[in-house]
Amino acid sequence: ETGVTQTPRHLVMGMTNKKSLKCEQHLGHNAMYWYKQSAKKPLELMFVYSLEERVENNSVPSRFSPECPNSSHLFLHLHTLQPEDSALYLCASSQDGQDSYNEQFFGPGTRLTVL
Amino acid sequence: ILNVEQSPQSLHVQEGDSTNFTCSFPSSNFYALHWYRWETAKSPEALFVMTLNGDEKKKGRISATLNTKEGYSYLYIKGSQPEDSATYLCAFYNNAGNMLTFGGGTRLMVKP
């Protein structure tokens, strides 16, 4: 166990559905991340929150909407997704700060299928 | 866009073989290089975080070296075991921001 949990582990949704992915970290970290892993592609960073403020938005379509209500919780709200958004979505946390080098602690991921 | 390349993409070895694979990254604005191990159905886990040119780090049978001037890192596994089967990811962290750029990974399969 890495101290980062994600729910649900699997999700199937239609293109008109609205759903949310949840991530929780129990490590006392101050930064949280959403990554996307598509087939045959490297891990892609989607969003970074540091001290609950969004500091990076990697040109992600607006149908993905992140929310970080506190330093332990991170959500990814999904709306009107496309089949090509089917992927593994990984959450991670790290301790951000001088000389931290941002070692990532990953959750197990949510496998999303969009029909 | 930062280019982080890993080779080979996949590798099959016999139990007991030693093996190594490569991560190449931009040689400018270097801050750190991470290696992660990702077993099927599990979370990626950090193996090493390397920051200094010439760094060598070791964890059991796995070791890594770093050359920041030429932009590459090697990961070595001595005497591979079936439980070493996993995807090994490297990630480059530059000094310009908060994000890691990951390579595509090397998928290692160790046959008993």
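Right, let's walk through the structure included here. Being a predicted model, the structure only gives us computed values, none of them experimental.

### Comments concerning the interface of chain B and chain A
(1) Moving on: Residue-level contacts link 20 residues of chain B with 24 residues of chain A.
(2) Moving on: Between chain B and chain A lies a buried interface of about 1,700 Å² when both sides are counted; carbon and sulfur atoms form 64% of it.
(3) Moving on: Where chain B meets chain A, there are zero salt bridges.
(4) Moving on: Run the count over chain B and chain A and you get five residue pairs in polar contact (both at pLDDT 80 or more).
(5) Moving on: Among the elements that take part in the side of chain B that touches chain A, strand 4 (residues 30–38) of chain B stands out by supplying five residues, more than any other.

### A few points about the state of the cysteines
What we call a disulfide is simply a covalent bond connecting the sulfur atoms of a pair of cysteines.
(1) Moving on: Within this structure, the stated rule accounts for two disulfides over all chains.
(2) Moving on: For C23(A), the disulfide goes to C91(A), at an S-S distance of 1.9 Å. The chirality of the disulfide connecting C23(A) with C91(A) is left-handed, given an S-S dihedral of about -75°. Here C23(A), found in strand 3 (residues 18–25), pairs with C91(A), found in strand 9 (residues 87–94); they are 68 residues apart in sequence, far enough to count as distant. C91(A) shares its class with C23(A); the two are buried.
(3) Moving on: Residue pairing for C23(B): its cysteine sulfur links by disulfide to C90(B), the two sulfurs lying 2.0 Å apart. Judged by the torsion about the S-S bond (75°), the C23(B)/C90(B) disulfide is right-handed. Of this pair, C23(B) sits in strand 3 (residues 19–24) while C90(B) is found in strand 9 (residues 86–94), placing the two residues 67 residues apart along the sequence. Pair check on accessibility: C23(B) and C90(B) agree, each one buried.

### As for the pairing of strand 6 (residues 53–57) of chain A
Each regular strand displays side chains that alternate between the two surfaces of the sheet.
Residue and element names in this part refer to chain A.
(1) Moving on: With four bridges connecting them, strand 5 (residues 44–50) and strand 6 associate as antiparallel partners. Following the sheet pairing, V48 is matched in strand 6 by E56.
(2) Moving on: A loop of two residues connects strand 5 with strand 6, the two strands running antiparallel in sequence, and L51 in this loop sits at a positive phi of about 55°.

Quick notes on the rules
Residues numbered from 1 in each chain as written. Chains lettered and ligands numbered in written order. Predicted model: local features only at pLDDT ≥ 70, side-chain atom pairs only at ≥ 80, totals over all residues. Heavy atoms only, no water. Contact = heavy atoms within 4.5 Å. Buried area = accessible area lost by both parts, 1.4 Å probe. Salt bridge = Lys/Arg side-chain N within 4 Å of Asp/Glu carboxyl O. Polar contact = N/O pair within 3.5 Å; in protein donor to acceptor, adjacent residues only side chain to side chain. Helix = DSSP H or I, 4+ residues; strand = E, 2+ residues; numbered from the N terminus. Disulfide = S-S within 2.5 Å. Buried < 20%, exposed > 50% of the residue type's maximum accessible area, 1.4 Å probe, protein only. Pairing = 2+ DSSP bridges.

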